[in-house]
Structures are given as C-alpha cells and as structure tokens.
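# Chain and residue survey
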Amino acid sequence: ADVEAFGLREPLRRRPSPGWALSDVTPALHAVLDGAAVGGRWDVSSLVAVDGLVDEKLRAGLLSLLHGPSWPPEKGADPDYWCDGSFSDTLSGGPASSGVGLRPARLAALCAEGRDTPPAVAELEARVGAYLRAVDAASGGGGVDVCRMPEAAFGPEVTPLAANAPVSSDGEAYGWHIDADPALLPPSPWTDCFGRYPNRSPGKPRFVTALVYLSPEWRWPEWGAQTRCLDPPTGEVLAIPPAPGRLLLMDQDISHAVTAPAAAAGDTPRYSLVLKLCLHSHRGSVAPPLAMPGWGPASAYGSARRLRGGEEGGEEGGEE
C-alpha cells in the first residue's frame, strides 16, 4: 500500500515515437569497476555508454529546454535559464554543488510529470525504458519496471532530473561525488518499504543514472570535458569522452566527477541532462542488467580486475 501511496514504483510506460528503433543503439563503452565481496557475492559497479539512443532530433529537442529560442548555445549558458552556484545533483550538496545550474523554475518545468512532461523528456524516458526492458528480455530476465527516482526517496531537494553546463573557466570546481546510494538513504517512505541495502542487491531496486551529452558539437579530445569515474580501492580513473547525443548509464554509487572543458573550447559549455532512475526487477534473484548480452563481457577496471575464485570479476554484481 505504501508503494502506491508514495509513488515508489511508477513505471515509465510511454512508447518511443515512430522512426526510432532499438537497432539504432550501438555500444561505445561497457565497463565495470569498484569490485568487492558483498554479502557473500562478488559485486561490481557498471557503466554503459551508447550511441544512437538519442538521435540528432531528440538531442536538439532536449537542448532547446536549456536555453531560450533565440539564444545561441555555443555562446555560454543562457542567463535566463542558468545561474551560478545552483548546480547540485546530490542529497548533501558538496563538491558537485558548484558551477552553473538551472534556475528553480526552469528545473521544475524540466521535471514536470504527466501531461506537463516536456515532449523531448517524455521521448527520452520512453527510449531509455524501451532499451532497458529489451536488455532485460535479452538477458533472460522476467521483466523490469523502469521508474523515475521518486521524491519519497530523498525529499524534494533532490530532483529526478538535473542539467549541467560546465565551461572552461570553471577550472577545478567539480569534485568526486556519487549521485545516490540506497545504503545511505535518510529515513523515508522508501526505506520503510525497501530498507537500506547495497546497490545491485538481488531483489532490490537498482539506482541508475542516465546522462545525455547535448552539445551540438564536441571536438574530442581537444575540448576535453570527459566524465571521470573513480575506482576508490585503486585510484584508477576511467574517462568517458562526451559526444553529441551519447547516453551514459551508470550505477548511482559510482564515484564520478564532471571535468570542465579545456581552454580550447572557449566559452562553449558542455551541456548534459541527467535522469535518475530506479530499476525494479520482476525476478528477485538478480539485479536488472544495463548492457545487451550480445555486446560481450565488460572491460574491467581497477579493483574489478581482482581475482575471485580463480575468475576475473568482470561481470555486473548480481547478474547472470
């Protein structure tokens, strides 16, 4: 009853629009890191970068939500939409709470639900949901509900969507952080229903972030601005290059950081949109997977390379 009353499991049910197909999606990166023994099982965090899920039309539609109709996005963040020091995508603020962020009214419009959901956001959610359900089916799963992170998990101060527009002048403003960890949630209706638990625990909702790079052009590596993911046990860093329309799915408990663009980018921001998700498996024995099994095994980084039982810890925790 509490699950329904507090909206803790409301699946994204929209269908993608005609003209886009799952066959358009191709892998750019599939990696695991931060390996550890958790509750008698080998666990690793996972990230998957894909191209083709967000095509040029959808990329442009999403970016249009972040600036005025006459504002050239390459000239910097539109001051009618953005303000300094307002970016935060973590519960307690901290290192991620710096740089420019969307003004409260713009962020509220971006996060609107139901009939008020911006069409580009609704299409993004539909495609991400379709992709993750297809991954689950291809992996032999029994079904998965792909849901927005509910307000009842953290409270209204952590929104289910966020946006970022770092520029070269930000320098070292962005530090390591995690988006969320279900083991560290504050008391809430969510913890009353699901408790506190390590992410990817079998039978528990998996916390996943979907990040989309929205700049119409990004010259890699000259302009930099990679997303960095950290393996804390070894200090190894994995860098994910931005590309227009590229989508990065990653566990929310991965330590990661924004990188400001290089000086060569000038005043051009590296725009991105973040969607925070909870994946509820219909089959309690595994965590919902993030990558198509036909793409082969993930590349293991840092502590995920450590041997366990004579085998490399290179598959996602709780997955088959």
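As the structure is a prediction and not an experimental result, all values here were calculated from the model. (Residues numbered from 1 in each chain as written. Predicted model: local features only at pLDDT ≥ 70, side-chain atom pairs only at ≥ 80, totals over all residues. Heavy atoms only, no water.)

A grouping of Glu4, Glu10, Glu113, Glu151 and Glu157 is seen on the molecular surface, where their side chains present a negatively charged patch. Note that glutamate 10 resides in the loop between helix H1 (2-5) and strand S1 (26-38). (Patch = residues over 30% accessible without salt bridge, like charges linked within 9 Å, V, L, I, M, F, W, Y side chains within 5 Å. Areas by Shrake-Rupley, 256 points an atom, 1.4 Å probe, with all protein chains shown as cover. Salt bridge = Lys/Arg side-chain N within 4 Å of Asp/Glu carboxyl O. Lys, Arg positive; Asp, Glu negative; His and termini not counted. Charge placed at Lys NZ, Arg CZ, Asp CG, Glu CD. Helix = DSSP H or I, 4+ residues; strand = E, 2+ residues; numbered from the N terminus.)

Our focus in this paragraph is helix H2 (residues 56-63). Among all positions in H2, only Leu58, Arg59, Leu62 and Leu63 are buried. For H2, the angular spread of buried residues about the axis comes to 135 degrees, placing them on one side. (Buried < 20%, exposed > 50% of the residue type's maximum accessible area, 1.4 Å probe, protein only. Arc of directions from axis to C-beta.)

If you walk across this open sheet you meet the 3 strands as S9-S8-S11, and the pairing is antiparallel. Two strands lie at the open edges of the sheet, namely strand S9 (236-240) and strand S11 (255-257), each paired on one side alone. In this sheet, neighbouring strand axes are inclined to one another by 25 degrees on average, regardless of whether the strands run parallel or antiparallel. In this sheet, S11 lies alongside strand S8 (residues 227-231) in antiparallel orientation, the contact comprising 3 bridges. Paired with arginine 228 across the strands is alanine 257, a residue of S11. (Pairing = 2+ DSSP bridges. Axes fitted to C-alpha atoms, helices over the stretch in contact; angles between N-to-C directions.)

What follows covers the packing of aromatic side chains. All chains considered together, the criterion is met by 5 aromatic pairs. Both rings, one in tryptophan 218 and one in tryptophan 223, keep their centres 5.1 Å apart while their planes meet at 80 degrees; by these two values the pair is edge-to-face. Here tryptophan 218 matches tryptophan 223 in class, with each residue buried. Grouping aromatic residues by their ring pairs yields a cluster made of Trp190, Phe194 and Phe207. Taking NZ or CZ as reference, arginine 106 lies 3.8 Å from the ring centre of tyrosine 81, over its face. Looking at arginine 228, its charged tip hangs above the ring of tryptophan 176, at a distance of 4.9 Å from the centre. (Phe/Tyr/Trp six-rings, centres within 6.5 Å; stacked < 30°, edge-to-face > 60°. Lys NZ or Arg CZ within 6 Å of the ring centre and 35° of its normal.)

A few words on the side chain of histidine 67. Summarising the element assignment, histidine 67 is placed in the loop between H2 and strand S3 (82-84). A polar contact is formed between the side chain of histidine 67 and the backbone oxygen of tryptophan 71, at a distance of 3.4 Å. In contact with histidine 67, other than residues within four places in its own chain, are Pro73, Asp78 and Tyr81. (Polar contact = N/O pair within 3.5 Å; in protein donor to acceptor, adjacent residues only side chain to side chain. Contact = heavy atoms within 4.5 Å.)

Bringing the pattern of salt bridges into the picture now. Evaluation of the coordinates by the stated rule reveals 14 salt bridges. In this structure, aspartate 51 engages arginine 246 in a salt bridge whose closest nitrogen and oxygen atoms are separated by 2.9 Å. One end of the pair, aspartate 51, is in strand S2 (residues 41-51); the other, arginine 246, is in the loop between S9 and strand S10 (247-251), with 195 residues separating them in the sequence. Accessibility expressed as a relative area gives 14% for arginine 246, which makes it buried. Its salt-bridge partner being arginine 127, residue glutamate 123 comes within 2.7 Å of it at the nearest N-O pair. In this pair, glutamate 123 and arginine 127 both sit in helix H4 (residues 119-138), 4 residues apart, roughly one turn of the helix. Comparing glutamate 123 with arginine 127 shows no difference in burial state: the two are buried. A single salt-bridge network, built from bridges that share partners, covers Arg41, Asp43, Arg200, Arg206, Asp251 and Asp253.

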